[in-house]
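Residue-level listing of the chains:
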Amino acid sequence: MPGPDIQLQIDGGSYAARQGEPLIDALNRAQVELPQVCYHPQLGPIQTCDTCVVEVDGQLVRACGTPARAGMRVRTAVQAAQQAREEAFDRLLANHLLYCTVCDNNNGNCTVHNTTKLMGVQHQNRPFQPKPSAVDDSNPFYRYDPDQCILCGRCVEACQNLQVNETLSIDWEAESPRVLWDGGREINGSSCVSCGHCVSVCPCNALMEKSMLGEAGYFTGIELPMFNSAVALVKNVEPSLGYVPILNISEIEAAGREGYIRRTKTVCTYCGVGCSFEVWTKDRHILKVEPTHGPANGVSTCIKGKFGWDYVNSPERLTTPLIREEWGFREASWDEALNLIARRFREIRAESGPDALAFIASSKTTNEEAFLMQKLARAVVGTNNMDNCSRYCQSPATLGLWRTVGYGGDSGSISDIEQAGLVIGIGTNTAESHPVLATRVKRSHKLRGQRLIMVDLREHELARRADLFVQPRPGTDFVWLNAVSRYILEQGLEKKDFLARWVNDLDGFRASLEGYTLAHAEAVTGIAQDTLRQIAREIVQADGTCILWAMGVTQQMGGSETSSAISNLLLLTGNYMRPGAGAYPLRGHNNVQGASDMGAMPNYVTGYQKVDDPGVRARYAAEWGVDLPASRGLDNHEMVHAIHAGELRAMYLKGEEMSLVDSNSNYVDAALEKLDFFVVQDVFFSHTASFADVVLPASPSLEKDGTFTNTERRIQRLYRALEPRGGSRPDWEIIQLVANRLGAGWTYTHPSQIMAEIARLTPLYAGVTYERLEGFRSLQWPVHPDGTDTPLLFKDGFPFPDGKARLYPAQFVPPVEPPTEEYDLHFNNGRMLEHFHEGNMTFKTGGIAQKVPGTFVEVSPELAGERGLQTGSVVRLVSRHGAVRVPVLVTERVSGHQLYMPMNTQDAAQAVNRLTGSHADLSTHTPAYKDTAVRLEVLSVDGPPPLPRTNHRYGHPTPQNGVEVGRKWRRPDYVFPGASLTMLEGSSLNARADRSGGADD
Ligand code: SF4
Ligand code: SF4
Ligand code: SF4
Ligand code: FES
C-alpha cells in the first residue's frame, strides 16, 4: 500500500490521505468517531447502511463510498450529516431487536450494539418489524436469523467477492428482503462450503456459530418462553427508560463474560496456508474461532479452521500412555512407559548401533517439537535416520528450487499471488487443498481481471473458473513445460536482460530442450500446439506470473525434474526478484515447511545446513556438547525398506499416520509389524499406533505454545488455549522426557527457549524471537539477526556464491505404471475440502462427517456408461499392490478412463494407499502416488450415494458482483437519508438530492 500522497481537510484540520482510498479510511485514521455499520476494511465499501454520511464540499455523501481527493473539505459534525446518520441507523434498527443482555453476541465487539452506543440512541422511531421468514438452522455449524438481520450485506460481499463461493445474495426487490442461499434454498444443501466468512463478518447476531448459542452469556442459555419474556421486558421499559441505561446493564453483563471467556491467538492446525485467529473458549468448550487480521488470511478461514475443532475434546483422545501386551494394549504410567522406551532404545543401540533406530517428526506439530525430535536422534541417540512427511509431498519441489534458485521456499507471499498478472496452477486442487489461498486467486480473477491457467487432470473448481484449462496426459507436465520454454527461446521472447544479469547456464539449458518441440509435446501430453503457444504468450505478456504447484507434480517419478522445469520457465521469463511473480510450491500440512526447516531430515540439520559439512557439525557440537553423526541417514521411504531388510529395528514416530499415508500401505504395514520396538506418539490411537509397542498421548495445537511456519515461510506463534487433556502432554515435553531418560539432561521449561537455540544455530531463523512474534506478528525467513525478515525472496540476487540463479538441464522421467490391458484405468488421488488428509482429526467433527461421511471413487460419465455404473454402485479397485472396495460417485470432474479417490477414510482397509506402489521420485524418494493404474470390478450397481445431498457440491451458486446495492437504491421506498433531509428541510447544502447518495452502483 503506497503512503499518503494528498492532503484533505477534516472538520477544519489538515490530514494526509491516499488519492482514491475510501474517505472513511482517512477519517478513521484521523480518529473521527463516525458510525460505519456495513464498512469493513477487508471487504471495501458496500454502501448499504448509510450510517457513515458526511458532508464533502457541501454535499452529503457516504464516507465509505467516496474516494479521497486532494483538497476535499469534509465536515462530519454538521447537523444535516448527523441527522442523516441517525435516520439511517434508525432504519437499520427496525430490522433488529436490541436484546443485548440475553444475546450471545454481546461480547464488546458487536457493531450494532457499539453503534447504538456511539450514536447515543435513546429511542427507535421505527418499531422493530419481524420478518416473514423463519430461522434457518439447517447448517451444522451456523444459523441465520432473518429477524436480526439488518441487511448490511457484509455476508454477501464476503461470500461473493472475498471467499468467492457466490452462494449468498439479497433479494432487494422483495417486500421484505433477506439473505438468500443459492437464491432461496435451505443453507444445508446449498452451495455453501461452510467457510464461515459470512459469520465472521456479520456485524450482529443474525449469523452466528452454533457453538456460541446459549453458551456465551450469563442468561443466553435460557429456554425460549423465558427468553421471549426477557426480550419483551426490555422492549416494555425502553419507551420510558431509553436505550442508554439498558445498554449500560448489558455492558455490565458483557464485562462479566470476560471472567470466563478466554480469547487465545492460535494458528490453524490443518493446511499450509497458515490462517491465524483467536479461539474463544469457556472452560474446555470452544465457543468460536474468530479471524480478524491474520497476516496470511485476514478474516478468512475454511470449514476446517473455522469449525473443525471438535477433535480436541473428542472422547477418543489418548489420555494415558499405552503398552502392548500379548493380548492388546494396557494403560501405563508415564514412568513405566518412559522407562521401557529408554531401556529398549539403549538395548537396541548397544546391540546394533545407533543406525538401527529411526525417528520421524510430524508436520502437524510445532517447529520447536520438530527441532527436539532431530536433536534427540542426532545428539542423544547418534543417528541421522530422521525424516518428516515432506518426503511424501514437498521434497521434489524443494529440490527443484534449490537446484535453480537456491532456496526451497515460496518466492513471495500470498499477497504476491494475489497481485500477479497471471497465475498458473499445475497439479494443484487449490480451492480444496489450500482454500484460503485459493480465495485470493478467485478474488483477483473475478474483480481485477487476473488471468488464470489451470493444468490438471481433474476439472476442479479453479479449473472451471480458469481462462484456460489444460488437461495433459498423466505424468507429462515436464514435457509441456519444456516445450513452452523452448518455444519462448525460439521466438526470442525470453527476458534477455534478466538472464544476462542474474542467470547462469543458459546454453546448457537451451541444449537440454532440443527435443522438446511443440509437435513432440503435443504427441506426448495431448495438449494442442496452439494451446502451448497461448501459454507461452500469456506468460511473456503478463505483468508477473506466479506458478503454483502441488502433489499432482511432486508425487510422480520425475517430481523433482518437473519442479526444476517450472523454476527454469520462471527464470527464463524473468519471473523472480519482483513482486507478484515467482514459484509457489503449496505446502500441504500446517508445518510441513517448518518441520523441514528444523532439520527433521536425514541429510540436513536446521535451515538446510548439511550434516556432512564439518563446519556445521562443529557449530552444533559447540552448542550441544556432543559430536553429530556425519553421514546422511535414511529417509522414511528408505526406512521402510531397511525394516524389511532387517537393518532398522526401532522407530519413534510422532503425529504421523504413516501406515495409511505412506504409499503401498500393505508393504508399510508389513514393515511396521517387523519392528522390534515401535513408539508412536499421537493425539489419537491411529491405525499406525496399532503396530506400536508403546503409545504416548500427545496434546494438539490448542493445548500448547509454539510456532508454525506456513507455505509463505511465515513463522507464527500459537498460544495455549486449553490445558492438556487428561494425562496427555505437548510433544516437546514428551521428547524431553524421553531424551532425559536416555541421559540428555535437557532443561527446557518453555518452547521460547527452544526457539532461542534454533535461532543460535540457524542462519535462516537467526532473528526469530518469541517477542518479535508476539500476538499476530509474524516473520518470513530468512530472518536476519536484527529481526528484519524477507517477505520477497531474491531481492538482491540468489543465494549462490555469485548471486546468480542456475538454469538446470532436467531430464524427463516417464510414468512407470501407465495403464495396461490388465490395469486399464489411471488412478488419481488427493484431498477434499472438508477433510484433512486421512481425516483422523476432521472425522471427529460431527458436522464435517455429516457433509462427507467417507470416501468414494469418482468415475466419469463415459466410464460409468461403459461399465454400467451409477452413483452409489460399489466397485473393487485392484492395482498391482492391493485392492479396495469403494462406492462410486459419477461426476464430470474426472474424464475418460481416469479415476479419482479422496484420501479421507475411517476404514484402513479402504485407504487410497492400499493401491499405490513403492516406486518414487528418483532424486528425493517421494512416492509416485499419482502414478498408479488399476482395474475396476463391479460388485453391485445400486446403492446409496456416498456424498449426501447436503454436500455443497450439489448446490447451485448465484454469482454476482458483491451485494448489488444499486438494486436497493432503486427500490421505490428507498431514499438516501441525506437527500430526504435536503428535500424536507430545504437545507442550505448544495445537495444533489439524488436518491442514491451520489455513489456508484
Ligand atoms: S460459502 Fe457459506 S459459509 Fe462461506 S461465506 Fe458463503 S454462505 Fe457463508
Ligand atoms: S446476516 Fe448478512 S446482511 Fe444480515 S446482518 Fe449479518 S452480515 Fe448483515
Ligand atoms: S485449513 Fe488451511 S485454509 Fe483452512 S483455515 Fe486452516 S490454514 Fe486456513
Ligand atoms: S458504512 Fe455503510 S454506507 Fe458507509
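These notes cover the structure that comes with them. (Residues numbered from 1 in each chain as written. Chains lettered and ligands numbered in written order. Predicted model: local features only at pLDDT ≥ 70, side-chain atom pairs only at ≥ 80, totals over all residues. Heavy atoms only, no water.)

### Observations concerning the packing of aromatic side chains
Any two aromatic rings considered together are summarised by their centre-to-centre distance and by the angle between their planes. If you walk through the whole model with that rule in mind, you get 29 aromatic pairs. With centroids separated by 6.0 Å and ring planes inclined at 80°, the aromatic side chains of phenylalanine 345 and phenylalanine 359 adopt a geometry described as edge-to-face. Residue phenylalanine 345 is found in helix 9 (residues 334-352), and its partner phenylalanine 359 is found in strand 15 (residues 357-360); the two are separated by 14 residues along the sequence. A residue is classified by how much of its surface remains accessible, and phenylalanine 345, at 2% relative accessible area, is buried. Members of the aromatic cluster, connected to one another through ring pairs, are Tyr270, Phe277, Trp309, Tyr311, Phe684 and Phe836. Here the guanidinium or amino end of arginine 458 rests over the ring plane of tyrosine 900, the centre of that ring lying 3.7 Å away. (Phe/Tyr/Trp six-rings, centres within 6.5 Å; stacked < 30°, edge-to-face > 60°. Helix = DSSP H or I, 4+ residues; strand = E, 2+ residues; numbered from the N terminus. Buried < 20%, exposed > 50% of the residue type's maximum accessible area, 1.4 Å probe, protein only. Lys NZ or Arg CZ within 6 Å of the ring centre and 35° of its normal.)

### Here's the deal with the site of ligand 2
If you check the shell around ligand 2, you find 14 residues, and the closest are Cys149, Cys152, Gly153, Cys155 and Cys202. In the shell around ligand 2, the residues fall into twelve nonpolar, one polar and one charged. (Near = heavy atom within 4 Å. Nonpolar A, V, L, I, M, F, W, Y, C, P; charged D, E, K, R; others polar.)

### A word on the pairing of strand 17 (residues 422-426)
Regular strands have side chains that alternate between both faces of the sheet. Burial of strand 17 is extensive: five of the five residues sit out of reach of the surface. Side chains Leu422, Ile424 and Ile426 project from strand 17 onto one buried face, and the interleaved Val423 and Gly425 project onto a second face that is buried too. Direction of pairing for strand 17 relative to strand 21 (residues 545-549): parallel, over a ladder of five bridges. When the sheet's bridge partners are listed, valine 423 is paired in strand 21 with cysteine 546. For strand 17 and strand 18 (residues 451-455), the ladder comprises five bridges, and the chain directions are parallel. Residue pairing for strand 18: isoleucine 424 is matched across the bridge by isoleucine 453. (Pairing = 2+ DSSP bridges.)

### Here's the deal with the packing of helix 16 (residues 477-490) against helix 22 (residues 559-572)
Contact geometry of helix 16 with helix 22 gives a least axis separation of 9 Å together with a crossing angle of 20°. One way to sum up the angle between helix 16 and helix 22 is to call them roughly parallel. Classified by chirality, the crossing of helix 22 by helix 16 is left-handed. Contact residues: Asp477, Phe478, Leu481, Asn482, Val484, Ser485, Ile488 and Leu489 in helix 16; Glu561, Thr562, Ala565, Ile566, Leu569 and Leu572 in helix 22. Taken together, the residues that form the contact of helix 16 with helix 22 break down as nine nonpolar, three polar and two charged. (Axes fitted to C-alpha atoms, helices over the stretch in contact; angles between N-to-C directions. Parallel < 35°, antiparallel > 145°, perpendicular 65-115°, else oblique. Left-handed = near helix turned anticlockwise from the far one by under 90°. Contact = heavy atoms within 4.5 Å.)

### A look at helix 19 (residues 518-525)
When we look at burial in helix 19, the residues that qualify are Leu518, Ala521 and Thr525. Buried residues of helix 19, viewed axially, fall in a sector of 60°; they line one side. Buried residues along helix 19 sit in contact with helix 16 and helix 20 (529-541). Looking one or two residues past helix 19, glycine 526 carries a phi angle of roughly 85°, positive in sign. (Arc of directions from axis to C-beta.)

### Concerning the packing of helix 4 (residues 154-162) against helix 14 (residues 435-448)
At a closest axis distance of 8 Å, the pairing of helix 4 and helix 14 adopts a crossing angle of 90°. It follows from the interaxial angle that helix 4 and helix 14 lie roughly perpendicular. Judged by residue contacts, Gln160, Asn161 and Leu162 of helix 4 engage Thr439, Arg440, Arg443, Lys446 and Leu447 from helix 14. Classifying every residue of the contact of helix 4 with helix 14 by side-chain character gives two nonpolar, three polar and three charged.

### Some remarks on the sheet that holds strand 28 (residues 706-709)
Reading across the sheet, the three strands line up as 28-29-30 and stay open at both edges, with antiparallel pairing between neighbours. Each edge of the open sheet is held by one strand with a lone partner, namely strand 28 and strand 30 (778-780). Within the sheet, the average angular offset between the axes of one strand and its neighbour, ignoring direction, is 30°. Note that strand 29 (residues 714-718) and strand 30 share three bridges and pair antiparallel. Bridged to isoleucine 715 within strand 30 is leucine 779. Helix-sheet contacts for helix 10 (residues 367-381) involve strand 28 and strand 29, and the interaxial angle to strand 28 is about 95°.

### So, the sheet that holds strand 13 (residues 322-325)
Across the sheet, which stays open at both edges, the seven strands sit in the order 14-13-27-26-25-15-16 with mixed pairing between neighbours. Two strands lie at the open edges of the sheet, namely strand 14 (328-331) and strand 16 (386-387), each paired on one side alone. Of the pairings in the sheet, the one linking strand 26 (residues 677-682) to strand 27 (residues 694-697) comprises four bridges and is parallel in character. Of the residues in strand 27, the one forming a bridge with aspartate 682 is proline 697. Contacts between helix 25 (residues 636-644) and the sheet are confined to strand 15, strand 16 and strand 25 (650-654), with strand 15 contributing the most and set at about 145° to the helix.

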